[in-house]
Amino acid sequence: MTISWVRQPSSEAPELLTERTRLRGHRVSDLDALARMWADENVVRYISAKPSTRQESWARLLRYVGHWSLLGFGYWAIEDRHTGEYLGELGFADFKRAMTPSLDGIPEAGWLLAPEAQGQGIATEAMTAVLRWADANFIGDRIAAIFDPAHGRSIRLAARCGFVVQGEATVAGNRALLMSRRRPLP
């Protein structure tokens, strides 16, 4: 079975530049920074509520690369354009989540920033760039995102990026807020 969600699938994340960031594919050398970020209790509080082990972070990095390789879309590493520092990650995925309603056939947007990169508008700047990429490349007209209802910062970021509340969802037995964004008309 072939899934075709993008007009011209890419086996690697294309580089996108913003004023302050370079969005690029993940590299093995990102593991230390990625693992440090996912091990921080404050960073994962509204995502998993449980810090990730280095092994779990390695599997996540492989999953990011695998999305591009198999589906032609995925997550980008967010890098400071001037220093090269790893600031976080964002993009789109098909996580095959056990959730109601289902997101089958709808790319799921997500983002995560290291503590030192939070609160500076970097996520909005980077998300705007990847949504421009999505608008030009996705075949479907909708992107979804799910949040812990208590994660106000991410919900506000999603709203700034054009996501609107669709209602509640159940993800692995937990209540979540489902938001979606339609591709702007040409």
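In this text the structure is predicted, and so the values were computed from the model without any measurement.

Basis of the calculations
Residues numbered from 1 in each chain as written. Predicted model: local features only at pLDDT ≥ 70, side-chain atom pairs only at ≥ 80, totals over all residues. Heavy atoms only, no water. Helix = DSSP H or I, 4+ residues; strand = E, 2+ residues; numbered from the N terminus. Rg over C-alpha atoms; globule rule 2.2 N^0.38 Å. Buried < 20%, exposed > 50% of the residue type's maximum accessible area, 1.4 Å probe, protein only. Contact = heavy atoms within 4.5 Å. Arc of directions from axis to C-beta. Salt bridge = Lys/Arg side-chain N within 4 Å of Asp/Glu carboxyl O. Pairing = 2+ DSSP bridges. Lys, Arg positive; Asp, Glu negative; His and termini not counted.

**Focus: the overall build of the protein**
Reasoning step 1: The secondary structure content of the protein amounts to five helices and nine strands.
Reasoning step 2: When its helices and strands are written in sequence order, the protein yields β-β-α-α-α-β-β-β-β-α-β-α-β-β.
Reasoning step 3: Its C-alpha atoms give the protein a radius of gyration of 15 Å, near enough to 16 Å, the size a compact globule of 186 residues would have.
Reasoning step 4: Taking the principal axes of its C-alpha atoms as reference, the protein extends roughly 35 × 35 × 35 Å.
Reasoning step 5: Counting only residues that meet the buried cut, the protein has 47% of its 186 residues in that class.
Reasoning step 6: At a minimum sequence separation of 6, the contacts of the protein that also span at least 24 residues come to 67%.

**Quick word on the environment of Val 43**
Reasoning step 1: Along the chain, Val 43 falls in helix α2 (residues 41–44).
Reasoning step 2: Considered as a pair, Val 43 and Ile 139 are 96 residues apart in the sequence and their alpha carbons are 32 Å apart.
Reasoning step 3: Among residues more than four places away in sequence, those in contact with Val 43 are Met 37, Leu 112, Leu 113, Pro 115 and Gln 118.

**Some details on helix α5 (residues 152–160)**
Reasoning step 1: Taken together, the buried positions of α5 are Ser 154, Ile 155, Leu 157 and Ala 158. The buried residues of α5 occupy an angular sector of 160° when projected down its axis, which confines them to one face. Among the exposed residues of α5, those oriented more than 90 degrees off its buried face are Arg 156 and Arg 160.
Reasoning step 2: Contacts from the buried residues of α5 go to β6 (108–113), α4 (122–137), β7 (142–147) and β9 (174–182).
Reasoning step 3: One or two positions beyond α5, positive phi appears at Gly 162, with a value near 95°.

**Thoughts on the pattern of salt bridges**
Reasoning step 1: Using the criterion set out here, one finds 13 salt bridges in the structure.
Reasoning step 2: Asp 30 is paired through a salt bridge with Arg 24; the nearest N and O atoms lie 2.8 Å apart.
Reasoning step 3: Residue Asp 30 is classed as buried on the basis of its relative accessible area of 4%.
Reasoning step 4: The class of Arg 24 is buried, set by a relative accessible area of 6%.

**Points about the pairing of strand β8 (residues 164–171)**
Reasoning step 1: The pairing of strand β5 (residues 99–100) with β8 spans two bridges and is antiparallel. In the sheet register, Met 99 faces β8, and the bridge partner there is Val 171.
Reasoning step 2: Where β8 lies against β9, seven bridges are found, and the strand directions are antiparallel. Directly across from Thr 170, in β9, lies its bridge partner Arg 175.
Reasoning step 3: The turn joining β8 and β9, which pair antiparallel and follow one another in sequence, is formed by two residues; a positive phi near 50° is taken by Ala 172.

**Brief notes about the side chain of Arg 60**
Reasoning step 1: Mapped onto the elements, Arg 60 comes out in helix α3 (residues 54–71).
Reasoning step 2: For the buried Arg 60, no salt bridge exists, and the shortest N-O distance to an oppositely charged side chain is 5.0 Å, to Glu 89.
Reasoning step 3: In this view, Arg 60 contacts Trp 38, Ser 52 and Glu 89; residues no more than four positions away in its chain are not counted.

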